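Structure at a glance
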Amino acid sequence: MTNTVLVTGGSGFIGSHLVERLAQQGDRVAVYDNFDPYYDREIKQANIGPSLAMGNVRLAEGDILDRDKLFAVFEAARPAKVVHLAARAGVRPSFENPQSYVDTNVTGTLNVLLACRKYAIERLVFASSSSVYGSASAAAQENVTPLRPLSPYGASKVAGEALCSAFSRRSGLAVTALRFFTVFGPRQRPDMAVNRFTRMIMSGETVPVYGDGTSRRDYTYISDTIAGIVAALDADLPGFNVFNLGRGQPIMLRDLLKLIEFGLDRHARLRFVEDQQGDPQQTCADITRAHAVLGYEPRVSTQNGVIRYTEWYLEQGRERVGSR
Ligand code: NAD
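Attention in this report is confined to the structure presented alongside it. (Residues numbered from 1 in each chain as written. Predicted model: local features only at pLDDT ≥ 70, side-chain atom pairs only at ≥ 80, totals over all residues. Heavy atoms only, no water.)

**With respect to the packing of aromatic side chains**
Counted according to the given criterion, the structure contains eight aromatic pairs. Measuring from centroid to centroid gives 6.3 Å for Tyr-133 and Phe-181, while their planes differ by 35 degrees, and the two rings are tilted. Of the two residues, Tyr-133 is situated in the loop between β5 (123-129) and α6 (152-171) and Phe-181 in the loop between β6 (175-180) and β7 (183-184); the sequence distance between them amounts to 48 residues. Overall, Phe-181 belongs to the buried group, its relative accessible area being 1%. Positioned above the aromatic ring of Tyr-39 is the side chain of Lys-44, whose terminal nitrogen or guanidinium carbon lies 4.5 Å from the ring centre. (Phe/Tyr/Trp six-rings, centres within 6.5 Å; stacked < 30°, edge-to-face > 60°. Helix = DSSP H or I, 4+ residues; strand = E, 2+ residues; numbered from the N terminus. Buried < 20%, exposed > 50% of the residue type's maximum accessible area, 1.4 Å probe, protein only. Lys NZ or Arg CZ within 6 Å of the ring centre and 35° of its normal.)

**Brief notes about the site of the ligand**
Close to the ligand lie 28 residues; Asp-33, Tyr-39, Leu-85, Tyr-153 and Val-183 are nearest. A distance of 2.8 Å separates an oxygen atom of the ligand from a polar atom in the backbone of Val-183. Contact with the protein chains removes 97% of the 820 Å² of surface that the ligand exposes when unbound. Secondary-structure elements contributing two or more residues to the shell around the ligand are α1 (13-24), β5 and α6. Looking at the shell around the ligand element by element, the count peaks at three residues for β5. (Near = heavy atom within 4 Å. Polar contact = N/O pair within 3.5 Å; in protein donor to acceptor, adjacent residues only side chain to side chain. Areas by Shrake-Rupley, 256 points an atom, 1.4 Å probe, with all protein chains shown as cover.)

**A short note on the pairing of strand β8 (residues 206-210)**
Of all five residues that make up β8, four are buried, and the element is covered over most of its length. Of the strand pairs in this sheet, β8 and strand β13 (residues 269-273) are connected by five bridges, and their pairing is parallel. In the strand pairing of β13, Val-209 is matched with Phe-272. (Pairing = 2+ DSSP bridges.)

**Describing the nonpolar core**
Counting residues in hydrophobic clusters, the biggest one holds 61 residues, and the most contacted among them are Ile-14, Leu-18, Leu-178, Phe-180, Ile-229 and Leu-294. Among the elements that line this core, the one with the most residues is helix α8 (residues 222-234), at seven residues. Ala-86, Ile-121, Leu-124 and Leu-173 belong to the second largest nonpolar core, which has 25 residues in total. (Core = buried A, V, L, I, M, F, W, Y, C linked by side-chain atoms within 4.5 Å.)

**Some words on the pattern of salt bridges**
For the structure on display, the rule yields eight salt bridges. Linking Asp-279 and Arg-92 is a salt bridge whose minimum nitrogen-to-oxygen distance equals 2.6 Å. Highlighted residues: Asp-279 in the loop between β13 and α10 (288-294) and Arg-92 in the loop between β4 (81-84) and α4 (93-96), separated in sequence by 187 residues. Taking relative accessible area as the criterion, Asp-279 reaches 23% and is therefore assigned partly exposed. Accessibility expressed as a relative area gives 25% for Arg-92, which makes it partly exposed. Between Glu-161 and Arg-179 there is a salt bridge, with the nearest N and O atoms lying 2.7 Å from each other. With Glu-161 in helix α6 and Arg-179 in strand β6, this residue pair connects regions lying 18 residues apart in the sequence. (Salt bridge = Lys/Arg side-chain N within 4 Å of Asp/Glu carboxyl O.)

**Comments concerning α8**
With 13 residues, α8 ought to run about 18 Å at 1.5 Å a step, and its terminal C-alpha atoms sit 18 Å apart, in line with that. Counting buried positions along α8 gives ten out of 13 residues, so the element sits mostly inside the fold. Turning to α8, its buried residues number three or more, namely Ile-222, Asp-224, Thr-225, Ile-226, Gly-228, Ile-229, Val-230, Ala-231, Ala-232 and Leu-233. (Expected span 1.5 Å × (residues − 1).)

**Overview of the side chain of Ser-151**
Within the secondary structure, Ser-151 is located in the loop between β5 and α6. Of note is the side chain of Ser-151, whose polar atom sits 3.0 Å from the backbone nitrogen of Gly-154. Sequence-distant contacts of Ser-151, defined by excluding residues within four places in its chain, comprise Val-91, Ser-94 and Phe-95. (Contact = heavy atoms within 4.5 Å.)

In structure tokens, the structure reads:
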């Protein structure tokens, strides 16, 4: 039977890939997104445009803080399942404007949970983050590693998970929280490292490298993240469950830069600057549980992912020039 899946934040980076995948497999998709000004509206319109042309995807523009509008969209779409991706993302800006992170990521998540309960949806998948762990010297394990976020953003995701857990216990709602580890690929958010470094190298700008370039991140290619989300939507798990979706193979910032230089065939000019507040020295996922329960198996290495990304980026540039 055809499902309707409601995706909050469906015009964003991860959301637009998910919507495309669900629509391609024949699901009906209802997207709820407010085109938050964190980055350009045109980028998000371009992200979601091709999916809207597919016929089984509908877009409602609205804020998850607007409870009436959100409920009206649930009423109209009657989704069987919901993927809640809408959020204020980004670690560093969460220090400048922590209130907006608490509003969207905590109160907004509460509103989504209230709607899921009212409309008795089958399953909610909640976008959590590796930021809930803070800096972990060893691979983080879901139900073992303590949650010690280093930023208001990370704290807001801990609070979102806690609300999901409470709603699940109280009303039997099935909720799966997925802790994403630095996702990259085509359409990546402009504030994130791979996208930012690529643009700076191509325009000849000097790239600021925080710390000494030895911080390590567990990068996950977008197609692997999407496979994990789809597996979580399909898995018949009762109650509240949490999974890490990473690769478990962190790489150093300076090695990431070398991969991007190779992909672009350009040399990067680097400037070493002080470490940023809230940035952990390392993130690393233990994905044993996601593998065992969801069959999650990341397939794209960081190296291949960066090559795919830079090819996509260069191709886009050629298209822009070609259309002038
Ligand atoms: P994104 O900013 O590209 O997408 C988020 C979308 O949510 C945007 O389209 C935005 O317009 C929408 N949105 C924001 N506030 C909203 C509101 N109040 N009401 C309705 N829509 C709203 O970000 P992304 O990188 O695709 O991240 C998606 C989710 O995954 C977020 O919850 C983020 O915290 C989480 N996450 C992402 C990463 C990553 O590496 N990209 C890592 C960990 C967690």
